[in-house]
Amino acid sequence: MTTLDPWGAVKIDNYSKLFDEFGISKFDELLEKIKNPHRYMRRHIIFGHRSYDSVLNAMLSGKPFAAMSGFMPSGRAHLGHKMVMEEIIWHQQQGGDAFLAIADMEAHAVRGKTWKECREYGINEYILSAIAFGLEPGAHIYFQSGSESVKSLAFELGIKANLSELSAIYGFNGETNIAHMVSALTQSADILNPQSEEFGGPKPVVIPVGADQDPHIRLTRGLAYKTNMFRLLVEETGKEISVRGKAAPKEALKEIAKRTGGTLYEEHVDISILGRTPAEVAEVYSIVQKVELKYGGYAFMPPASTYHKFMTGLQGGKMSSSAPDSYIALTDKPEDGAKKVMRAKTGGRVTVEEQKKLGGEPDKCTVYELLVYHLVEDDNELMEVYKDCVGGTRACGNCKKYTAELMSKFLKDHQEKRELARERLGEFGL
Ligand code: TRP
Ligand code: SF4
């Protein structure tokens with residue numbers, strides 16, 4: 001018998017390429033350090049990351065960190081968006097600063113939504129739900145078009161973005177309108193903006209995303225690196241740090257040399273770290289950062305990311321906004337949500353006899369997925385469902401009814417909270 005794995009529904013096989021080819025790290029390695037891991041963490045739905053250690057270390061030592069994401073106000077918010085919202089909120093609850101962008105510039109340029117529609121969708125679909133899920137005041141909720149700092153940062157990043165790289169990621173060609181390109185840069189600016197002076201300067205920032213969003217993260221990490229005044233290289237011997245700043249003011253290089261005891265060259269400073277303690281090496285980094293900020297640079301840290309797996313569409317294929325039966329929207333009527341569950345693809349066998357004999361296949365069941373991702377918080381309760389299913393004592397009909405009930409309750413409760421959130425928009429400066 002194979003080992004029971006109640007999280008098996010979230011198959012990792014399809015994602016292993018991300019580790020090997022793209023250098024995404026496994027989230028499991030960090031899991032034990034996290035104090036109150038979110039359901040998505042415990043259940044390995046969040047499976048990968050880039051430099052999330054930076055965020056975790058800040059979290060554990062009480063230093064500033066942030067979580068940010070953006071939503072395009074062009075369609076209905078559904079359970080997939082709920083995942084991102086919950087991840088932002090969890091980080092806010094762990095002491096982080098929370099940022100939520102409404103990507104109205106993108107929706108206007110790319111999807112042809114009017115500004116008025118953007119405003120309405122932004123508030124009604126995304127912001128109300130985020131507040132209903134528990135986003136608290138102090139969170140920075142903004143529309144891209146309303147943020148001068150994001151727009152000017154996008155311009156700045158544009159200096160280091162070239163068309164071929166952007167085209168490779170976004171599929172731009174000669175027909176692509178320029179505002180579409182600007183909105184790609186605006187997304188990178190959203191990601192880096194929590195590190196701007198206005199919000200207290202450089203800090204670890206995590207962007208929780210779906211597995212397919214990694215190219216945007218890599219682009220932004222690259223832009224952050226290129227926009228910085230200084231690049232720090234640890235020499236292969238490990239004995240020396242080289243601070244390179246081709247375009248940096250000479251004064252700034254001089255100051256770094258002086259404050260770190262390094263040797264000044266034309267375009268770089270070499271700092272011996274032989275015999276320095278880790279704390280002293282960290283001090284070198286901190287000096288370089290301070291000098292960069294003093295001379296008007298950004299000193300961005302590469303943004304961190306976490307990657308979550310996707311839910312399957314309720315019919316078995318992909319979730320798609322053009323197929324309303326494939327997803328459950330956060331504003332679906334509770335009874336409609338329940339109906340969608342009743343019509344969803346299960347991992348049940350063809351006949352009841354077979355089901356009893358072989359057991360069901362929760363790993364292939366979209367109903368079970370709803371329980372794992374959204375509807376059952378208690379791990380033991382979920383384990384019971386899993387065991388009963390594979391043991392053949394659980395019938396799909398009843399299981400769907402149970403899940404439909406939970407879904408309808410969830411939607412009803414969420415929608416009531418949305419109405420309360422509507423009264424609280426002012427607390428968020430909206
Ligand atoms: N482009 C994203 C989308 O299509 C929305 C978005 C804008 C975003 N800014 C962001 C996502 C910053 C993550 C981080 O939905
Ligand atoms: Fe899915 Fe439930 Fe059927 Fe198992 S019993 S296959 S979990 S619907």
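Owing to the predicted nature of the structure, the values given are computational and were not obtained by experimental measurement. (Residues numbered from 1 in each chain as written. Chains lettered and ligands numbered in written order. Predicted model: local features only at pLDDT ≥ 70, side-chain atom pairs only at ≥ 80, totals over all residues. Heavy atoms only, no water.)

Draft legend 1. Expanded view of the overall build of the chain. Scanning the chain from terminus to terminus reveals 18 helices and eleven strands. The C-alpha atoms of the chain give 24 Å as radius of gyration, which agrees with the globular expectation for 430 residues (22 Å, within 12%). With respect to the principal axes defined by its C-alpha atoms, the chain has extents near 80 × 55 × 45 Å. Per-residue burial for the chain yields a buried fraction of 50% across its 430 residues. Counted over contacts in the chain with a minimum sequence separation of 6, partners at least 24 positions apart contribute 74%. (Helix = DSSP H or I, 4+ residues; strand = E, 2+ residues; numbered from the N terminus. Rg over C-alpha atoms; globule rule 2.2 N^0.38 Å. Buried < 20%, exposed > 50% of the residue type's maximum accessible area, 1.4 Å probe, protein only. Contact = heavy atoms within 4.5 Å.)

Draft legend 2. Geometry of the site of ligand 2. Around ligand 2, a shell composed of Thr346, Gly347, Gly348, Cys365, Tyr368, Cys389, Arg394, Cys396 and Cys399 is seen. Taking a 2 Å distance to the grid points as the criterion, the majority of the atoms of ligand 2 fall inside the largest cavity. Considering only residue class, the shell around ligand 2 consists of five nonpolar, three polar and one charged. (Near = heavy atom within 4 Å. 1 Å grid on protein atoms, 1.4 Å probe; cavity = no way out; pocket = protein on both sides within 12 Å on 5 of 7 lines; lining within 4 Å. Sits in = over half its atoms within 2 Å of the grid points. Nonpolar A, V, L, I, M, F, W, Y, C, P; charged D, E, K, R; others polar.)

Draft legend 3. A look at the environment of proline 194. For proline 194, the position within the fold is in the loop between α10 (178-192) and β6 (205-210). Since its relative accessible area comes to 0%, proline 194 is described here as buried. The spacing of proline 194 and proline 303 is 109 residues in sequence and 9.9 Å in space, taken between C-alpha atoms. Contact partners of proline 194, with chain neighbours within four places excluded, come to Ala66, Met68, Phe99, Phe199, Gly201, Lys203 and Val205.

Draft legend 4. Here's a closer look at the site of ligand 1. The environment of ligand 1 is made up of Met68, Ser69, Gly70, Met72, Ala103, Glu106, Gln144, Gln187, Asp190, Ile191 and Ile207. At 2.8 Å from a nitrogen atom of ligand 1 is found a side-chain nitrogen or oxygen belonging to glutamate 106. Compared with its free state, where it exposes 370 Å², ligand 1 has 82% of that area covered by protein. For the shell around ligand 1, the secondary-structure elements that each account for two or more residues are β3 (66-71) and α10. (Polar contact = N/O pair within 3.5 Å; in protein donor to acceptor, adjacent residues only side chain to side chain. Areas by Shrake-Rupley, 256 points an atom, 1.4 Å probe, with all protein chains shown as cover.)

Draft legend 5. Examining the domain arrangement of the chain more closely. Assigned domains of the chain: these are domain 1 (16-228 + 301-308), domain 2 (242-294) and domain 3 (324-428). Just the C-alpha atoms count here: the centres of domain 1 and domain 3 sit 28 Å apart. Tallying the contact residues gives 26 residues for domain 1 and 27 residues for domain 3. Taken over both partners, the interface formed by domain 1 and domain 3 buries close to 2,500 Å², and the fraction arising from carbon and sulfur atoms is 59%. Contact with domain 3 buries surface across domain 1, with Arg43, Arg76 and Leu79 losing the most and accounting together for 26% of the total. (Domains from an automatic or database assignment. Buried area = accessible area lost by both parts, 1.4 Å probe.)

Draft legend 6. Local environment of the sheet that holds strand β1 (residues 25-26). Read from one edge to the other, the open sheet built from seven strands follows the order β1-β2-β11-β6-β3-β4-β5, with strand pairing classed as mixed. Both edges of this open sheet fall to β1 and β5 (140-143), since each of them pairs with a single strand only. Bridge count between strand β4 (residues 97-102) and β5: four bridges; the pairing is parallel. Across the sheet, the residue bridging to alanine 101 is tyrosine 142, located in β5. Along the sheet face, helix α5 (residues 79-93) touches β2 (46-50), β3, β4, β6 and β11 (304-308) and points at about 155° away from the line of β3. (Pairing = 2+ DSSP bridges. Axes fitted to C-alpha atoms, helices over the stretch in contact; angles between N-to-C directions.)

Draft legend 7. Broad picture of unusual backbone geometry. One non-glycine residue, serine 51, adopts positive backbone phi at about 40°. Take serine 51: it is sitting in the loop between β2 and α4 (52-61). Even without a glycine there, the phi angle at alanine 299 is positive, about 50°. With respect to the secondary-structure elements, alanine 299 resides in the loop between α13 (278-294) and β11.

Draft legend 8. Highlighting the layout of surface pockets. Looking at the second largest pocket, its volume works out to about 820 Å³. In terms of lining, the second largest pocket is formed by 28 residues, of which the most central are Tyr285, Gln289, Ala299, Phe300 and Met301. Tallied by class, the residues present in the lining of the second largest pocket amount to 16 nonpolar, seven polar and five charged. A domain-level breakdown of the lining of the second largest pocket finds at least three residues from each of domain 1 (16-228 + 301-308) and domain 2 (242-294). (Points joined across faces, edges and corners; volume = space filled by probe spheres on them.)

Draft legend 9. How the structure looks around the sheet that holds strand β7 (residues 231-234). Read across the open sheet, the four strands follow the order β7-β8-β10-β9; overall the sheet is antiparallel. Two strands close off the open sheet at either side, each with one partner strand: β7 and β9 (263-264). Note that strand β8 (residues 240-244) and strand β10 (residues 268-272) share five bridges and pair antiparallel. If you follow arginine 244 over to β10, its bridge partner there is histidine 268. On top of the sheet, helix α12 (residues 250-260) reaches β8, β9 and β10; it is set at about 10° to β10, its chief contact.

Draft legend 10. Representation of the packing of aromatic side chains. Within the structure shown, the criterion is met by seven aromatic pairs. The interplanar angle of 20° and the centroid separation of 5.4 Å between the aromatic rings of phenylalanine 71 and tyrosine 126 together place this pair among those described as stacked. A residue pair is termed long-range when its members are at least 10 positions apart, and phenylalanine 71 in strand β3 and tyrosine 126 in helix α7 (residues 115-132) qualify at 55 residues. Accessibility expressed as a relative area gives 3% for tyrosine 126, which makes it buried. (Phe/Tyr/Trp six-rings, centres within 6.5 Å; stacked < 30°, edge-to-face > 60°.)

Draft legend 11. Highlighting empty space enclosed by the protein. Evaluation of the coordinates by the stated rule reveals one cavity of 30 Å³ or more. Taken as a whole, the largest cavity spans an internal volume of roughly 110 Å³. Forming the walls of the largest cavity are 16 residues, and the residues nearest its centre are Cys365, Cys389, Arg394, Cys396 and Cys399. No other element matches the three residues that helix α18 (residues 396-422) contributes to the lining of the largest cavity. Residues that form the lining of the largest cavity fall into these classes: nine nonpolar, five polar and two charged.

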